[in-house]
Amino acid sequence: MKHIISVLLENEPGALSRVVGLFSARGYNIETLTVAPTEDPSLSRMTIVTRGSEEIIEQITKHLNRLVEVVKLIDLSEQPHIERELMLIKVRAIGKEREEMKRMADIFRGRIIDVTDKTYTIELTGDGGKLDGFIEALEPEMILETVRTGSSGIARGERVLRV
């Protein structure tokens, strides 16, 4: 099962390395990883997407909580949450393809952010399924390059991850 673990940790050199090392030392895979400073410059928020049974996720969270740099963490998958990912995709757009690519971007609520004679670069945000759906809707030869950020998530309602 997919889990989204949100971690508040000290913004200091080596903190990210220790978290990643914890996963690799135990043979756990990280599907996506996003990290950025919070409104408090001494703290960073890390969002880890991984897969595993309840027992494996429990072990991961216990090990993460033991790291000195980890201030607090929650498994967002256990509660209602909002999840978003950003994708930039460069597609071929020549002749009649241009209108079709514009229509596809509109259907998926994407924005064309760069235009050349032969390409469009489209920005899409949403959950991973939406972005995968956009890729699947295109002919493979149309896709020139894809960049994805990985998931960011936040709990719905009053629940917050703060010190």
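Residues numbered from 1 in each chain as written. Predicted model: local features only at pLDDT ≥ 70, side-chain atom pairs only at ≥ 80, totals over all residues. Heavy atoms only, no water.

S.K.: Can you help me understand the packing of aromatic side chains in this one?
M.R.: Across all of its chains, the model carries two aromatic pairs by this definition. Between Phe 23 and Tyr 28, the aromatic rings sit 6.3 Å apart at their centres with planes inclined by 80°, giving edge-to-face as the arrangement. Taken together, a centroid distance of 5.2 Å and an interplanar angle of 85° make the contact between Phe 108 and Phe 134 edge-to-face. Of this pair, Phe 108 sits in the loop between helix H3 (96-107) and strand S6 (111-115) while Phe 134 sits in helix H4 (residues 128-137), and the two are 26 residues apart along the sequence. With respect to burial, Phe 108 and Phe 134 carry one shared label: buried. (Phe/Tyr/Trp six-rings, centres within 6.5 Å; stacked < 30°, edge-to-face > 60°. Helix = DSSP H or I, 4+ residues; strand = E, 2+ residues; numbered from the N terminus. Buried < 20%, exposed > 50% of the residue type's maximum accessible area, 1.4 Å probe, protein only.)

S.K.: I tried to follow helix H2 (residues 54-66) on my own but got confused; where do I start?
M.R.: One turn of an α-helix holds 3.6 residues; hence residues three or four places apart share an orientation. Here H2 spans 19 Å end to end across 13 residues, near enough to the 18 Å set by a 1.5 Å rise per residue. Listed in full, the buried residues belonging to H2 are Ile 57, Ile 60, Thr 61, His 63 and Leu 64. Axial view of H2: buried residues confined to an arc of 165°, hence all on one face. Among the exposed residues of H2, those oriented more than 90 degrees off its buried face are Glu 55 and Arg 66. In this structure, the buried side of H2 is in contact with strand S1 (2-10), helix H1 (15-25), strand S3 (43-51) and strand S4 (70-75). (Expected span 1.5 Å × (residues − 1). Arc of directions from axis to C-beta. Contact = heavy atoms within 4.5 Å.)

S.K.: In this structure, what is going on with unusual backbone geometry? I would like to understand it.
M.R.: Residues other than glycine predominantly adopt negative phi, and peptide bonds predominantly adopt the trans conformation. The backbone of Arg 109 sits at a positive phi, close to 55°, despite the residue not being glycine. Topologically, Arg 109 is positioned in the loop between H3 and S6.

S.K.: What should I look at first to understand H4 in this one?
M.R.: Looking only at H4, the buried set comprises Gly 128, Leu 131 and Phe 134. Down the axis of H4, the buried set is contained in an arc of 125°. They therefore lie on one face. Exposed and oriented more than 90 degrees from the buried face of H4 are Gly 129 and Glu 136. Tucked inside the fold, the buried residues of H4 contact strand S5 (81-92), H3, strand S7 (119-126) and strand S8 (143-148).

S.K.: Explanation requested: the sheet that holds S3 in the structure shown.
M.R.: Taken together, the four strands give an open sheet; going across it, the order is S2-S3-S1-S4, and neighbouring strands pair in antiparallel fashion. Each edge of the open sheet is held by one strand with a lone partner, namely strand S2 (32-37) and S4. Mean inter-strand twist for the sheet, computed between neighbouring axes without regard to direction, equals 15°. In this sheet, S3 lies alongside S1 in antiparallel orientation, the contact comprising nine bridges. Bridge pairing links Lys 2 to Arg 51 in S3. Most of the contacts of H1 go to S3, to which it runs at about 15°, and overall it touches S1, S2 and S3. Packing against the sheet, H2 makes contact with S1, S3 and S4, and its axis sits at approximately 5° to S1. (Pairing = 2+ DSSP bridges. Axes fitted to C-alpha atoms, helices over the stretch in contact; angles between N-to-C directions.)

S.K.: I tried to follow a nonpolar patch on the surface on my own but got confused; where do I start?
M.R.: Together, Leu 16, Val 20 and Val 35 make up an exposed nonpolar region whose accessible area comes to about 200 Å². Relative to the helices and strands, Val 35 is located in strand S2. Looking at Val 35, the relative accessible area reads 40%, which means it is partly exposed. (Patch = residues over 30% accessible without salt bridge, like charges linked within 9 Å, V, L, I, M, F, W, Y side chains within 5 Å. Areas by Shrake-Rupley, 256 points an atom, 1.4 Å probe, with all protein chains shown as cover. Salt bridge = Lys/Arg side-chain N within 4 Å of Asp/Glu carboxyl O.)

S.K.: Would you take a moment to explain the pattern of salt bridges for this structure?
M.R.: Pairing between side chains becomes possible if they bear opposite charge and their charged atoms approach one another. Applying the stated criterion across every chain yields a total of 13 salt bridges. In this structure, Glu 39 and Arg 162 form a salt bridge, with 3.8 Å as the shortest nitrogen-oxygen distance. With Glu 39 in the loop between S2 and S3 and Arg 162 in the segment after strand S9 (152-155), the pair connects residues that are 123 residues apart, well separated along the chain. Exposure class is identical for Glu 39 and Arg 162. Each is exposed.

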